[in-house]
Amino acid sequence: MKKQYRVKKSKEIEAILKRHRISSSPYFTIYIKEQNHETQHFRYAMSVGKKIGNAVVRNHIKRQIRAIVRNVNIIPQVDVFIVAKVKIKDLSFQEIEKELCFLFRKQKLLVKGENNDSIFK
């Protein structure tokens, strides 16, 4: 993903955590904040804690989450913070994709009219 789609500064992540909508499952928690700046796209950040595994495992999970976010059409003008929980170790890529997309649908983050269903099979 391009840098313009990432939330990198800790102040921005703290702002998402303070003023947020939240959605949760046994595997993920996502925080959503509406943007008030000039960007015309969504931005996201993710957190994968040390309890999940060593650096190799955590980086593998981060790559999977990035691939899922890249393939989903998320509405513009929103910041998303994705937190992976410990139970994610037991899931396959398809199950991770299904869980994340369920949470995106639950919070109505997907672009209407786009064919996002092919991703969720």
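Preceding block: the structure.
Residues numbered from 1 in each chain as written. Predicted model: local features only at pLDDT ≥ 70, side-chain atom pairs only at ≥ 80, totals over all residues. Heavy atoms only, no water.

### Re the packing of helix α2 (residues 55–71) against helix α3 (residues 93–106)
Where α2 contacts α3, the two axes come as close as 10 Å, and the packing angle between them is 50°. Considered as vectors, α2 and α3 are oriented oblique to each other. Judged by the twist between their axes, the crossing of α2 over α3 is right-handed. Taken together, the residues of α3 that come into contact with α2 (itself represented by Gln 64, Ile 65, Ala 67, Ile 68 and Val 69) are Phe 93, Ile 96, Glu 97, Leu 100, Cys 101 and Phe 104. Of the residues in the contact of α2 with α3, the class split is nine nonpolar, one polar and one charged. (Axes fitted to C-alpha atoms, helices over the stretch in contact; angles between N-to-C directions. Helix = DSSP H or I, 4+ residues; strand = E, 2+ residues; numbered from the N terminus. Parallel < 35°, antiparallel > 145°, perpendicular 65-115°, else oblique. Left-handed = near helix turned anticlockwise from the far one by under 90°. Contact = heavy atoms within 4.5 Å. Nonpolar A, V, L, I, M, F, W, Y, C, P; charged D, E, K, R; others polar.)

### Here we look at the pairing of strand β1 (residues 21–24)
Sheet topology note: the β1/strand β2 (residues 28–34) ladder contains four bridges and is antiparallel. Within the sheet, the bridge partner assigned to Ser 24 lies in β2 and is Thr 29. Connecting β1 to the antiparallel partner β2 that follows it, the hairpin turn spans three residues. (Pairing = 2+ DSSP bridges.)

### Notes on the nonpolar core
Among the nonpolar cores identified, the biggest contains 26 residues, and Phe 28, Ile 82 and Phe 104 are the most heavily contacted of them. Among the secondary structure elements, those contributing two or more residues to this core are β2, β3 (43–48), α2, β4 (78–84) and α3. The biggest single contributor to this core is α3, with five residues. Here Phe 28 is in contact with Ser 23, Ile 65, Ile 82, Val 83, Ala 84, Lys 85, Ile 88, Ile 96, Glu 99, Leu 100 and Leu 103, once residues within four sequence places are set aside. (Core = buried A, V, L, I, M, F, W, Y, C linked by side-chain atoms within 4.5 Å. Buried < 20%, exposed > 50% of the residue type's maximum accessible area, 1.4 Å probe, protein only.)

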